[in-house]
Amino acid sequence: MSAQYAWSERFPARHPVTEGSHRLAVSPLGDLYSPATDAEVRELEERLGMELPPSYRQFLLFGNGWGSDDDCCLLRVMEVGWLRDVDPPVAESWSAPKPENSWSVPDELYFMYGQEQDSIHYRGEYVPDTLLAGYWDDGVALLNPHVRTAEGEWEAWYLAPWLAGAKRYRSFWDLAMDELRLRYPR
């Protein structure tokens, strides 16, 4: 059994933006879509050929996408896919080896999270296999199935040109909470 993630504590009570709308207003956090059905999430997992990490799966069952524009959004179930398929130019540009970053980043540098992490220490060879979960600002939110916790969480990345690499998190929950703290401090 997976841990429960308190999405409802981070997002206040929701109501439709307009009568019959599938998009729910969440003030001040922006627009949250109505929950995906369990069948829709299972269909996504079948399309991907693997189970989603628990925090991301629970998010989709809480809200099938978030954000009111293309510059800052988490994608809906039908839009989610492997980066190499959904956004090939991004996958190609971030997975090509560059002289300044050797792709075989040693574990002692790679498995560092939080303040001591250097975004340059990401493994570019993982990029095409990441799951595109959303876009914000000029970057992408990705889930990396190559690095998993014992609970089944996948490593989550925020990949942006201004970072010179990826800001990595242990899970989708950690990435989402960091983003919410930055955008909507309590």
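Each remark here, short or long, concerns the structure printed above.
This write-up is about the structure you can find in this document.

What follows is about the pairing of strand β8 (residues 139–148). Where burial is concerned, most of β8 is hidden: 8 out of the 10 residues are buried. Looking at chain direction, strand β7 (residues 131–136) and β8 are connected through 5 bridges and run antiparallel. Note that in β8 the partner of Y135 across the bridge is V140. The antiparallel hairpin formed by β7 and β8 contains 2 residues in its connecting segment, where D137 sits at a positive phi of about 50°. Direction of pairing for β8 relative to strand β9 (residues 154–160): antiparallel, over a ladder of 6 bridges. Within the sheet, the bridge partner assigned to A141 lies in β9 and is Y158.

Before going further, it helps to spend a moment on the side chain of R168. Note on placement: R168 falls in strand β10 (residues 165–169). Polar contacts involving the side chain of R168 include one to the side chain of E155, which spans 3.1 Å. The residues contacting R168, other than those within four sequence positions of it, are L109, Y110, M112, Y113, Q117, H121, Y122, E155, A156 and W157.

Let us now look at the nonpolar core. The tendency in soluble globular proteins is for nonpolar side chains to be buried side by side. Residues W7, Y56 and L131 are the most contacted members of the largest nonpolar core, which totals 54 residues. Once residues within four sequence positions are removed from consideration, Y56 is found in contact with L75, V80, L131, A133, L143 and F172.

Moving on, we come to the packing of aromatic side chains. With the rule as written, the count across this model stands at 13 aromatic pairs. Seen from their ring centres, W7 and F59 are 5.0 Å apart, and the 70° between their planes marks the pair as edge-to-face. Of this pair, W7 sits in helix α1 (residues 7–10) while F59 sits in helix α3 (residues 54–62); the two residues are 52 residues apart in sequence, bridging distant segments of the chain. The two residues W7 and F59 agree in class, both being buried. Pairing Y110 with F111 gives two aromatic rings, centres 5.0 Å apart and planes at 80°, and the pair type is edge-to-face. Exposure remark for Y110: the relative accessible area of 0% places this residue in the buried category. According to the relative accessible area criterion, F111 is partly exposed, its value standing at 39%. Taken together, the ring pairs connect Y5, W7, Y56, F59, F172 and W173 into an aromatic cluster. Here the guanidinium or amino end of R76 rests over the ring plane of Y33, the centre of that ring lying 4.1 Å away.

Let us now look at helix α5 (residues 88–95). Among the residues making up α5, those that are buried are V90, A91, W94 and S95. Each buried residue of α5 lies within a common arc of 110° when the element is viewed along its axis, so the set occupies one face. Along α5, exposed side chains directed more than 90 degrees from the buried face belong to P89 and E92.

This brings us to the packing of helix α2 (residues 38–48) against α3. Running from N to C, α2 and α3 point in directions that differ by 140°, and their axes come no closer than 9 Å. Relative to α3, α2 is oriented oblique. Where α2 crosses over α3, the two elements pack in a sense that is right-handed. Across from D38, V41, R42, L44 and E45 in α2, the residues of α3 making contact are R57, L60 and L61. Partitioning the contact of α2 with α3 into residue classes produces 4 nonpolar, no polar and 4 charged.

Along the chain, N64 turns up in the loop between α3 and β4 (66–69). Once residues lying within four places of it in the same chain are set aside, the contact partners of N64 are Y33, S34, P35, A36, E40, R76 and V77.

Conventions we followed
Residues numbered from 1 in each chain as written. Predicted model: local features only at pLDDT ≥ 70, side-chain atom pairs only at ≥ 80, totals over all residues. Heavy atoms only, no water. Buried < 20%, exposed > 50% of the residue type's maximum accessible area, 1.4 Å probe, protein only. Helix = DSSP H or I, 4+ residues; strand = E, 2+ residues; numbered from the N terminus. Pairing = 2+ DSSP bridges. Polar contact = N/O pair within 3.5 Å; in protein donor to acceptor, adjacent residues only side chain to side chain. Contact = heavy atoms within 4.5 Å. Core = buried A, V, L, I, M, F, W, Y, C linked by side-chain atoms within 4.5 Å. Phe/Tyr/Trp six-rings, centres within 6.5 Å; stacked < 30°, edge-to-face > 60°. Lys NZ or Arg CZ within 6 Å of the ring centre and 35° of its normal. Arc of directions from axis to C-beta. Axes fitted to C-alpha atoms, helices over the stretch in contact; angles between N-to-C directions. Parallel < 35°, antiparallel > 145°, perpendicular 65-115°, else oblique. Left-handed = near helix turned anticlockwise from the far one by under 90°. Nonpolar A, V, L, I, M, F, W, Y, C, P; charged D, E, K, R; others polar.

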